[in-house]
Amino acid sequence: MKTNRSQSLAPASGAPFNPLGPMVVHAKNAYDYVVHSFERRITGALVLILVGMIGLQVVSQQRVLELRAQTGSYRESMAQFDQVRRLGDAVTRFRLSGIALVAPASEADALLKRDQLTDAAIAIANGINEIRAVDDQSYRAVSGLPVFARLDGMVAELLNPQPGQPLAPAARGRLERFNAKLEGGVQSIDQAVTGQRDRAFDSLNAAVDSWNVMIGLAGVLTIALAAAICFDLLRNILPALRRMHDALRQLANGELDVEIEQSRLHELNELSQALETFRQHAHAVRGLAYADPATGMPNRRAFVQRLVAMQAGKGVDTACDRFVVILADVDRFKYVNDDYGHPAGDQLVGLIGARMGMLLGPQAFVARLGGDEFAVCRPLADGESAARLASDLVAAMREPFDLGHCQIAVTLSLGHVTAARSDDARMAEPSTETELLLRADLALYASKHGGRNCATGFTAEHLAEHEIERALERDLCEAFDRGELRMVYQPIHAVGGEPDEVEALVRWTHPRHGEVPPSRFIPAAERSGLMVPLGRWIYERALSELRGWPGLQMSINLSPLQLQQEGFVGQFLDCCRRNAIDPHRLYLEVTESVSIERNPRAVLTLELLRQSGCRIALDDFGTGYSSLSLLRTFQFDRLKLDRALIGNLATDPTSRAVFDAAVTMALRIGAEVVAEGISEAELVEPVRAAGCTHLQGYHYSRPVEADQVAVYYGNIMRKLASA
Ligand code: C2E
Ligand code: MG
Ligand code: MG
């Protein structure tokens, strides 16, 4: 049993069992608990000081009482000392009176001496009683005291002979012995009292000394503890706090690679842990600030930083003194998101970025600027062509991307610009990173307008064009007030002959640039937020002029932005009412260039306009992307086939087949079909034959000024009448 028990208590390691072990562990834990906390350290030290003070106070009280007692006994022993001295005087007087009575000079002298003897004996008896009254015990301990008990007997013997008669020799001898004993008794009392007084004095002295020592020790202990606190503060805590403060200041300055030290002190450790957490979060936030969260690719900020560094020649191959900046857009990326979902869109963007990086090599910095926009900067080796690099990139993107669950093929539009890295070259061709990005963007814009899926290098014309565009945007605001805008009307002929119709087209005569085509300033208005007021001006002017042409129908072009404008339907119908125009006389043309299909508000606006009597035409059909699915979403009253479908109709059988199919489809869904851009006589027959219900183009008439509309239709009437 015993063995088992000792085995069970023995530590697992097999080390001998130490019964003090658990206590030691507890003591160590308590020590750690106090020592590893600044607060507990200080509190512990203050508690120690407090306990020490209280202890000192208690002990001091005791010592005061003791001291008071010691002083009392010292005072008593001093009083006894006086009594002994008085007793000694009385004994002396007794002895002298006794000697005088041995042979008195006369009877009168004998009587006097008797009185004196009696007084001295009484004084001795009183003295003894006083001494006994103060300390009977000590008195009894004194040797030689029995002599005082015999005092009465001796007095009686001395007073026995008649006054004037000498004392018998035997009595004389007894008196002398008695006196000697009396003095011996007084001496022993004196010794005892003196010894007692000395002891009282010594113990009083000792009490004062020990109190002194105790007060001194308590003072030293308090000072030591206070010094320990100060030392701890100066040696451990303040330097640690200073280091923490330094780390905090570095973090505040954005130096996130600072090392935050651990501390043994619980509070400082908590602070350092909080700082470390803050540092890690700041790292993550900085990461987010420079990376695209969806793909992890560098973002615009990171790209601009890299571009600036590249311009300064940092972090790149110093042998290259030119570099290219590329901006690229995935063509119609919106449809990828719509059709496959945003996660697939992000995955595709990541794959595109990775493929770009692979193709362009490790020197290239590929960033995602947002959505489907990419930016690249890369040094160009001697003789390396940026145009070649860019077209290779466009070609490489045509290969489908494997997303795991599906494959997606996309195309890329790209703009690029080259810049010099050397200072000399930069002096000749100054370009900040903003200018470089603008130039690449203009080249990208040209790619998009050049049919997409291609790369365009920046040229000076792009910049000139851009500056004109900006100027147009600025000047358009004032064009209304300055009367620079006007409407022109292009006739649309119904194949069946009736009714007459015109399409309202806006014109802007710029004071410097002359006639600015709407294909240029309408996009400028859309970009600058002026499209809504411009659109309003257009339909108000067109409807007020239509008021003067009864019997004429009118097509008005609407921008997709107008379709999204709140209250547009009400404003438009109100304008019709004011001009007494029946909405049935109106066709409202919308283009498919911007997706209406995926914009519920635009579709609702069209529905409301249609219900109010307006007819809705899909303009430029055949140039867009989503025409066919759009036709399922909304019931159009008319399709206007773009002139791109008509151009080669007379000569190219394939164009004709496509055109025929488009017309048949439009007719099958019950819509009218307008053939736009009939610029030559030989196009008339094929479009008629295909079944178009309406014809429009320069062959019939260019757009005419408002005052020529009535003239135009008057002439037609006259022609028909004369025919
Ligand atoms: P759109 O609505 O398709 O207008 C027809 C465009 O084709 C007009 O150009 C017209 O002049 C042109 N055109 C007509 N027949 C022929 C032809 O036989 N040959 C050639 N080459 N062109 C022909 P315009 O006036 O320059 O307008 C261009 C585009 O600007 C319009 O295309 C329309 O999308 C937009 N636009 C014009 N006016 C307005 C407007 O008042 N509001 C809105 N929102 N857009 C307008
Ligand atoms: Mg139109
Ligand atoms: Mg058109």
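Residues numbered from 1 in each chain as written. Chains lettered and ligands numbered in written order. Predicted model: local features only at pLDDT ≥ 70, side-chain atom pairs only at ≥ 80, totals over all residues. Heavy atoms only, no water.

1. Side note on the coordination of the magnesium ion (ligand 3)
- Donor atoms from the polypeptide that bind the magnesium ion (ligand 3) are D619 (OD), D620 (OD), E676 (OE) and E676 (OE), placed at 2.0 to 2.5 Å.
- Coordination of the magnesium ion (ligand 3) draws on donor residues from a single chain, spaced D-D-x55-E in sequence.
- In this structure, the magnesium ion (ligand 3) lies 4.0 Å from the magnesium ion (ligand 2), and both are coordinated by D619. Of this pair, D620 sits in strand 13 (residues 615-621) while E676 sits in the loop between strand 15 (672-675) and helix 24 (684-690), and the two are 56 residues apart along the sequence. (Donors = N, O, S within 2.8 Å, 3.2 Å for Na, K, Ca; no water. Helix = DSSP H or I, 4+ residues; strand = E, 2+ residues; numbered from the N terminus.)

2. Examining the sheet that holds strand 2 (residues 365-370)
- Taking strand neighbours across the sheet as the criterion, the five strands line up as 2-3-1-6-7 in an open arrangement whose pairing is mixed. With one partner strand each, in any of the chains shown, strand 2 and strand 7 (455-457) form the two edges of the open sheet. Across the sheet, the mean angle separating the axes of adjacent strands is 20° when strand polarity is ignored.
- Bridge count between strand 1 (residues 322-330) and strand 3 (residues 373-380): eight bridges; the pairing is antiparallel. Note on strand 3: the bridge partner recorded for V324 is R378.
- Packing against the sheet, helix 10 (residues 300-311) makes contact with strand 1, strand 2 and strand 3, and its axis sits at approximately 15° to strand 3.
- Packing against the sheet, helix 12 (residues 342-360) makes contact with strand 1, strand 2, strand 3 and strand 6 (412-420), and its axis sits at approximately 10° to strand 3. (Pairing = 2+ DSSP bridges. Axes fitted to C-alpha atoms, helices over the stretch in contact; angles between N-to-C directions. Contact = heavy atoms within 4.5 Å.)

3. Considerations on the domain arrangement of the protein chain
- When cut into domains, the protein chain gives domain 1 (54-209), domain 2 (291-458) and domain 3 (475-722).
- Averaged C-alpha coordinates put domain 1 and domain 2 at centres separated by 127 Å. (Domains from an automatic or database assignment.)

4. What about helix 4 (residues 107-134)?
- Here helix 4 contains 28 residues, and its C-alpha end-to-end distance of 40 Å stays within 8% of the 40 Å for a straight helix at 1.5 Å per residue.
- Where helix 4 is concerned, the buried positions are A110, K113, R114, L117, A120, A121, I124, G127, I128 and I131. (Expected span 1.5 Å × (residues − 1). Buried < 20%, exposed > 50% of the residue type's maximum accessible area, 1.4 Å probe, protein only.)

5. Brief notes about the nonpolar core
- Judged by nonpolar contacts, the single largest core of 77 residues is most densely connected at Y489, L543, M554, I556, F572, L586 and F659.
- The leading source of residues in this core is helix 18 (residues 531-546), at eight residues.
- If we skip the residues at most four places from it in the chain, F659 touches L641, L645, I646, L649, A675, V687, A690 and C692. (Core = buried A, V, L, I, M, F, W, Y, C linked by side-chain atoms within 4.5 Å.)

6. Observations concerning the site of ligand 1
- Near ligand 1, the surroundings consist of 23 residues, among which E503, R507, N557, D619 and Y698 are the closest.
- One nitrogen or oxygen atom from the side chain of Q490 is found 3.0 Å from a nitrogen atom belonging to ligand 1.
- Note that a nitrogen atom of ligand 1 is positioned 3.3 Å from one of the side-chain N or O atoms of R643.
- Taken by itself ligand 1 offers 780 Å² of open surface, and the protein chains cover 85% of this.
- For the shell around ligand 1, the secondary-structure elements that each account for two or more residues are strand 8 (485-494), strand 9 (501-510), helix 17 (518-528), strand 11 (553-558) and strand 13.
- For the shell around ligand 1, the element with the most residues is strand 9, which contributes four residues. (Near = heavy atom within 4 Å. Polar contact = N/O pair within 3.5 Å; in protein donor to acceptor, adjacent residues only side chain to side chain. Areas by Shrake-Rupley, 256 points an atom, 1.4 Å probe, with all protein chains shown as cover.)

7. Focus: the pattern of salt bridges
- Counted under the stated rule, the structure contains 37 salt bridges.
- Ionic pairing is found between E473 and R470, a salt bridge with its closest N-O pair at 2.6 Å. Taken together, the residues span about one helical turn, with E473 and R470 both in helix 16 (residues 460-479) at a distance of three residues.
- Here R638 ties to E672 by a salt bridge, and the two come within 3.0 Å at their closest N and O atoms. On the criterion of sequence distance, the pair formed by R638 in strand 14 (residues 638-641) and E672 in strand 15 is long-range, its members being 34 residues apart.
- We classify R638 as buried; its relative accessible area is 0%.
- Beyond isolated ion pairs, a larger network of salt bridges with shared partners links E465, E469, R470, E473, R520 and R527. (Salt bridge = Lys/Arg side-chain N within 4 Å of Asp/Glu carboxyl O.)

8. Re the environment of V336
- Tracing the backbone through its elements, the reader meets V336 in helix 11 (residues 333-340).
- Sequence separation of V336 and P703 is 367 residues, and the distance between their C-alpha atoms is 39 Å.

9. Here's the deal with the coordination of the magnesium ion (ligand 2)
- Those protein atoms acting as donors to the magnesium ion (ligand 2) are E503 (OE), N557 (OD1), E589 (OE) and D619 (OD), and they sit at 1.9 to 2.3 Å.
- Residue classification places N557 among the partly exposed positions, given a relative accessible area of 26%.

10. Overview of the packing of helix 15 (residues 433-449) against helix 16
- One can describe the packing of helix 15 onto helix 16 by two numbers: an axis separation of 9 Å at closest approach and a directional angle of 90°. Compared by their axis directions, helix 15 and helix 16 come out roughly perpendicular. The segment helix 15 lies against helix 16, with L438, R439, L442, A443 and A446 engaging H462, L463 and H466. (Parallel < 35°, antiparallel > 145°, perpendicular 65-115°, else oblique.)

11. Considerations on the pairing of strand 6
- Among the nine residues that make up strand 6, eight are buried, leaving the element largely enclosed by the rest of the structure.
- Two elements, strand 6 and strand 7, share three bridges in a ladder whose sense is parallel. Within strand 7, the position partnered with H416 by the bridge is G457.

12. Comments concerning unusual backbone geometry
- At R452, a position not held by glycine, the phi torsion is positive, near 65°.
- Along the chain, the position of R452 falls in the loop between helix 15 and strand 7.
- Backbone geometry places N453, a non-glycine residue, at a positive phi of 55°.
- Tracing the backbone through its elements, the reader meets N453 in the loop between helix 15 and strand 7.

13. Some points on the packing of helix 7 (residues 151-159) against helix 8 (residues 169-252)
- At their nearest, the axes of helix 7 and helix 8 sit 11 Å apart, and the two run at 150° to each other. Considering only the axes of helix 7 and helix 8, their crossing is left-handed. Residues L151, M154, E157 and L158 of helix 7 touch helix 8, and the partners they reach there are A171, R174, L175, F178 and L182.
- Residues belonging to the contact of helix 7 with helix 8 are distributed by class as follows: seven nonpolar, no polar and two charged. (Left-handed = near helix turned anticlockwise from the far one by under 90°. Nonpolar A, V, L, I, M, F, W, Y, C, P; charged D, E, K, R; others polar.)

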